[in-house]
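Structural characterization, general
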Amino acid sequence: MNMTGISKCNMSTCAYNKEGSCHTLGITVGPHAECNTYVHASSRGGFPEVTGGIGACLASNCKFNSKLECQATKVDVAIDDKHADCKTFQSKK
Ligand code: SF4
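Just so you know, these numbers come straight off a predicted model, no measurement behind them. (Residues numbered from 1 in each chain as written. Predicted model: local features only at pLDDT ≥ 70, side-chain atom pairs only at ≥ 80, totals over all residues.)

**As for the overall build of the protein chain**
The helix and strand inventory of the protein chain stands at zero helices and nine strands. Going residue by residue from the N terminus, the α and β elements of the protein chain occur as β-β-β-β-β-β-β-β-β. Projected onto the principal axes, the alpha-carbon positions of the protein chain cover approximately 40 × 30 × 15 Å. Across the 93 residues in the protein chain, those meeting the buried criterion constitute 32%. Sequence-distant contacts, at least 24 apart, represent 65% of the contacts inside the protein chain between residues at least 6 apart. (Helix = DSSP H or I, 4+ residues; strand = E, 2+ residues; numbered from the N terminus. Buried ≥ 20, exposed ≤ 12 C-beta atoms within 10 Å, placed from the backbone. Contact = placed C-beta atoms within 7 Å.)

Right, dumping it as structure tokens:
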């Protein structure tokens, strides 16, 4: 089983974001498909050579979610008001 990668994230105020990409090993996606790893900080986090992935996903009503793990090939994360959301989310119903 491979970790699902994050193809892009435009949450530029996040400490893990650089040039439209996430650079922490694994984010946690919350029950409403929000990125729970977002952190607003002046210092940068993560490693430039790392491309982010989905460590865990609590959005159990997403059709790509199985046993609280993401099974999508890749996901996009994007700004939604003051937080970031998984834009690959698709409701099971
Ligand atoms: S695609 Fe669905 S299962 Fe995967 S991270 Fe996004 S909300 Fe979670």
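**Some details on the site of the ligand**
In the vicinity of the ligand there are 14 residues, among which Cys57, Cys62, Asn65, Cys70 and Cys86 approach most closely. Residue classes in the shell around the ligand are distributed as 12 nonpolar, two polar and no charged. (Near = placed C-beta within 6 Å. Nonpolar A, V, L, I, M, F, W, Y, C, P; charged D, E, K, R; others polar.)

**Regarding the nonpolar core**
Counting residues in each nonpolar core, the largest one holds 21 residues, and the members touching the most others are Val29, Cys35, Ile54, Val77, Ala84 and Cys86. With sequence-adjacent residues up to four places away left out, Val29 is seen in contact with Cys35, Asn36, Ile54, Cys57, Leu58, Ala59 and Cys86. (Core = buried A, V, L, I, M, F, W, Y, C linked by C-beta atoms within 7 Å.)

**Some remarks on the pairing of strand S8 (residues 74-80)**
Bridging between strand S1 (residues 5-9) and S8 involves four bridges; their strand directions are parallel. By the bridge assignment for S8, Gly5 is matched with Lys74. Pairing of S8 with strand S9 (residues 83-86) involves four bridges; the strand directions are antiparallel. Within S9, the position partnered with Ala78 by the bridge is Asp85. Here S8 folds back onto S9, and the loop between the two strands holds two residues, one of which, Asp81, carries a positive phi near 60°. (Pairing = 2+ DSSP bridges.)

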